[in-house]
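Take a look at the letters that make up each chain.
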Amino acid sequence: LDGVGSDVELIEGDVRDLDGVRGAMRGVSRVFHEAAIPSVFRSVQDPLSSHEVNATGTLNVLLAARDEGVQRVVYASSSSIYGDVSVLPVPETVAPNPISPYGASKLAGEKYLAAFHGSYGMATVSLRYFNVFGPRQDPGSEYAAVVPRFVTAALEGRAPTVFGTGEQSRDFTFVGDVVGANLLASEAPRDAWGQAFNVAYNDRHSLLDLISTIRSLVPGAHPEPVHEPARPGDILHSQANTTLAETVLGYRPKFTFEEGLSRTVEWFRDHHG
């Protein structure tokens, strides 16, 4: 909470606790629903927990928002709802086909937002994040995202671990642009309500490309990646068509992949160890 003003109230709780969520929403006009268990791999190992937090937890958020008169709910969905698709970049018109419990739970959350808009007239917007990265991500967990893991490995001179060939590609999106998309969604016009929008760069980089770019930002010796078997539930390629978000929300990324990665490496260098 460095830099956060004294007028911010921090409430520790669990989205599975409906009474607790309802209490946190009293007097609130906008809700940015970011709570989740975000790991595909973890959802394959423990699908029930992913469902309880991501799907039932989202239902609790919507119930509490409805009961407390919240004006707008913006939901963090995921590109995982698409599964492996043959069309890249993928538009929102492609039928979702999740291949992991995580993707299925996120899609359930989207459907609940649409249903609450249809049933109660609630102003809801879902944002499908594509591989968000940036400062402060935790690299220590076995479920950690690849960017913080690869960055800290480079800073420590360790070999990064790559699951699969490393040719799988992602539309890596800097957190600053995800924040911007959330702010736009919180004031979006009526024709956005009940809808879902891709939030990304309409670009993609392989994991091996990611490692190469990180190495260019971290001087020194870099061991070759260690390859482990591909993990179940992971898709091969991901890239967003962002036309709908640009047209309806006014979404315009302020960063590039390289700029975001440079800022991320700089933060980890300053805070590493």
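Use the structure listed above.
In short, a report on the structure. (Residues numbered from 1 in each chain as written. Predicted model: local features only at pLDDT ≥ 70, side-chain atom pairs only at ≥ 80, totals over all residues. Heavy atoms only, no water.)

1. What to know about the overall build of the chain
If you tally the helices and strands in the chain, you get nine helices and 10 strands. Its C-alpha atoms give the chain a radius of gyration of 19 Å, near enough to 19 Å, the size a compact globule of 273 residues would have. Structurally, the chain occupies a C-alpha span of about 55 × 45 × 35 Å along its principal axes. Out of the 273 residues in the chain, the part that is buried amounts to 46%. Of the contacts made within the chain by residues no fewer than 6 positions apart, 84% connect residues no fewer than 24 positions apart. For the chain, the computed accessible surface area is about 13100 Å², with 51% contributed by carbon and sulfur atoms. (Helix = DSSP H or I, 4+ residues; strand = E, 2+ residues; numbered from the N terminus. Rg over C-alpha atoms; globule rule 2.2 N^0.38 Å. Buried < 20%, exposed > 50% of the residue type's maximum accessible area, 1.4 Å probe, protein only. Contact = heavy atoms within 4.5 Å. Areas by Shrake-Rupley, 256 points an atom, 1.4 Å probe, with all protein chains shown as cover.)

2. Re helix α6 (residues 175-185)
Within α6 the residues assigned to the buried category are D177, V178, A181, N182 and A185. Along the long axis of α6, the arc covered by the buried residues comes to 145°, so they all point the same way. (Arc of directions from axis to C-beta.)

3. Details of the sheet that holds strand β3 (residues 123-129)
Within a beta sheet, neighbouring strands are joined by backbone hydrogen bonds and run either parallel or antiparallel to one another. Read across the sheet, four strands follow the order β1-β2-β3-β8 without closing on themselves; strand pairing throughout is parallel. Strands at the two margins of the open sheet, each flanked by one partner only, are β1 (30-33) and β8 (195-199). Across the sheet, the mean angle from the axis of one strand to that of its neighbour is 20°, orientation sign disregarded. Relative to β8, β3 runs parallel, the two sharing five bridges. (Pairing = 2+ DSSP bridges. Axes fitted to C-alpha atoms, helices over the stretch in contact; angles between N-to-C directions.)

4. Section: unusual backbone geometry
Following L88, the chain continues to P89 via a peptide bond in cis, the omega torsion being -5°. With respect to the secondary-structure elements, P89 resides in the loop between β2 (72-78) and α4 (101-120).

5. So, the nonpolar core
Taken as a class, soluble globular proteins show a tendency for nonpolar side chains to be buried jointly. The biggest cluster of nonpolar side chains holds 35 residues, and the ones touching the most others in it are L127 and L210. Those elements giving two or more residues to this core turn out to be β2, β3, α5 (146-156), α6, β8, α7 (207-217), α8 (243-249) and α9 (257-271). The element best represented in this core is α5, accounting for five residues. Among the nonpolar cores identified, the runner-up in size contains 17 residues, and V73, L113, F116 and M122 belong to it. (Core = buried A, V, L, I, M, F, W, Y, C linked by side-chain atoms within 4.5 Å.)

6. Details of the pattern of salt bridges
Opposite charge on two side chains lets them pair, provided their charged atoms get close. Per the counting criterion, the structure on display carries nine salt bridges. Of the charged contacts in the structure, one is a salt bridge between E156 and R158, with a shortest N-O distance of 2.4 Å. Its relative accessible area of 38% is what places R158 among the partly exposed residues. For E224, the salt bridge is made with R215, and the minimal N-O distance between the two is 3.7 Å. Residue E224 is classed as exposed on the basis of its relative accessible area of 58%. Each of D19, R22, R66 and D67 takes part in a single network of salt bridges with overlapping partners. (Salt bridge = Lys/Arg side-chain N within 4 Å of Asp/Glu carboxyl O.)

7. Focus on helix α3 (residues 47-68)
Here α3 spans 30 Å end to end across 22 residues, near enough to the 32 Å set by a 1.5 Å rise per residue. The sharpest bend along α3 reaches about 30° and sits at G57. Backbone geometry just after α3 places G69 at a positive phi near 70°. (Expected span 1.5 Å × (residues − 1). Bend = angle between axes of the 7 residues up to and from the residue.)

8. Some points on the pairing of β1
Burial along β1 is one-sided: V31 and H33 are buried, while R30 and F32, pointing the other way, are not. Inspection of the sheet shows β1 paired to β2 by four bridges, in the parallel sense. Residue R30 lies in a different strand from β2, and its bridge partner there is R72.

9. Considering the environment of G260
Position of G260 relative to the elements: it lies in helix α9. Placed 114 residues apart in sequence, G260 and V146 show a C-alpha to C-alpha distance of 14 Å. Residue contacts for G260: discarding those within four places in its chain leaves F133 and F174.

10. Focus: a nonpolar patch on the surface
A cluster of nonpolar residues, F32, V175, V179 and L183, forms a patch on the protein surface that exposes about 320 Å² of accessible area. In terms of residue count, the dominant contributor to the nonpolar patch is α6 (three residues). Positionally, F32 belongs in strand β1. Look at F32 and you get partly exposed, because its relative accessible area is 37%. (Patch = residues over 30% accessible without salt bridge, like charges linked within 9 Å, V, L, I, M, F, W, Y side chains within 5 Å.)

11. Looking at the environment of R30
Mapped onto the fold, R30 is located in strand β1. The exposure class assigned to R30 is partly exposed, which follows from its relative accessible area of 24%. Taking the C-alpha atoms as reference points, R30 and H271, separated by 241 residues in sequence, lie 32 Å from one another. Those residues in contact with R30 that sit more than four places away from it in its chain are V70, Q71, R72, S186 and E187. Polar side-chain contacts of R30 include one of 2.8 Å to the backbone oxygen of S186. At 3.2 Å, the side chain of R30 and the side chain of E187 are in polar contact. (Polar contact = N/O pair within 3.5 Å; in protein donor to acceptor, adjacent residues only side chain to side chain.)

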